[in-house]
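# Breakdown of the fold
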Amino acid sequence: MTAAGQQALTSIDGDGDGDGDGDHKRIAVIYADIAQAQLQIGDIPTGITYARRALDAAQRTESTWGRQHLGNVEKALTGQRDPAARELLGDLISTRRALGSSPA
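## Thoughts on the environment of Ile 27
Examined against the element boundaries, Ile 27 turns out to sit in helix H2 (residues 20–40). Assessed through its relative accessible area of 11%, Ile 27 is described here as buried. Residues Ile 27 and Gly 66, spaced 39 residues apart in sequence, show a C-alpha to C-alpha distance of 8.2 Å.

Spelled out as structure tokens, the structure:
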């Protein structure tokens, strides 16, 4: 999944279609998908890294679709004992509440 995600990111960066805003919104979704996959296979540090990138991209672009994908990351983080994972979960919940969107 990470290789496919990296390939998707590369194709967005290099497509040259001038659709910058849409591209950035898709980046949030790709990062969230990579994060979820990494968390599911137990690679917590990598999952957290990509989840933070997804959260940042979703906030910057106000991507509803990106925030919905972060709902899946939120679910994957539930029950994690890692302090960084717990902190990220809190940040995701706070962001969702502030923006009024429910988890996917």
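## Quick word on the environment of Thr 78
By secondary structure assignment, the location of Thr 78 is in the loop between helix H4 (64–77) and helix H5 (83–99). Residues Thr 78 and Leu 89, spaced eleven residues apart in sequence, show a C-alpha to C-alpha distance of 7.3 Å.

## Thoughts on the packing of aromatic side chains
Summed over the entire model, instances satisfying the criterion amount to one aromatic pair. A ring pair is formed by Tyr 31 and Tyr 50, whose centres lie 5.8 Å apart and whose planes are at 50°; its orientation type is tilted. Taken together, the positions of Tyr 31 in helix H2 and Tyr 50 in helix H3 (residues 44–61) put the pair 19 residues apart, joining distant regions of the chain. Its relative accessible area of 17% is what places Tyr 31 among the buried residues. Judged by relative accessible area, Tyr 50 falls into the buried class, the value being 9%.

Conventions used here
Residues numbered from 1 in each chain as written. Predicted model: local features only at pLDDT ≥ 70, side-chain atom pairs only at ≥ 80, totals over all residues. Heavy atoms only, no water. Helix = DSSP H or I, 4+ residues; strand = E, 2+ residues; numbered from the N terminus. Buried < 20%, exposed > 50% of the residue type's maximum accessible area, 1.4 Å probe, protein only. Phe/Tyr/Trp six-rings, centres within 6.5 Å; stacked < 30°, edge-to-face > 60°.

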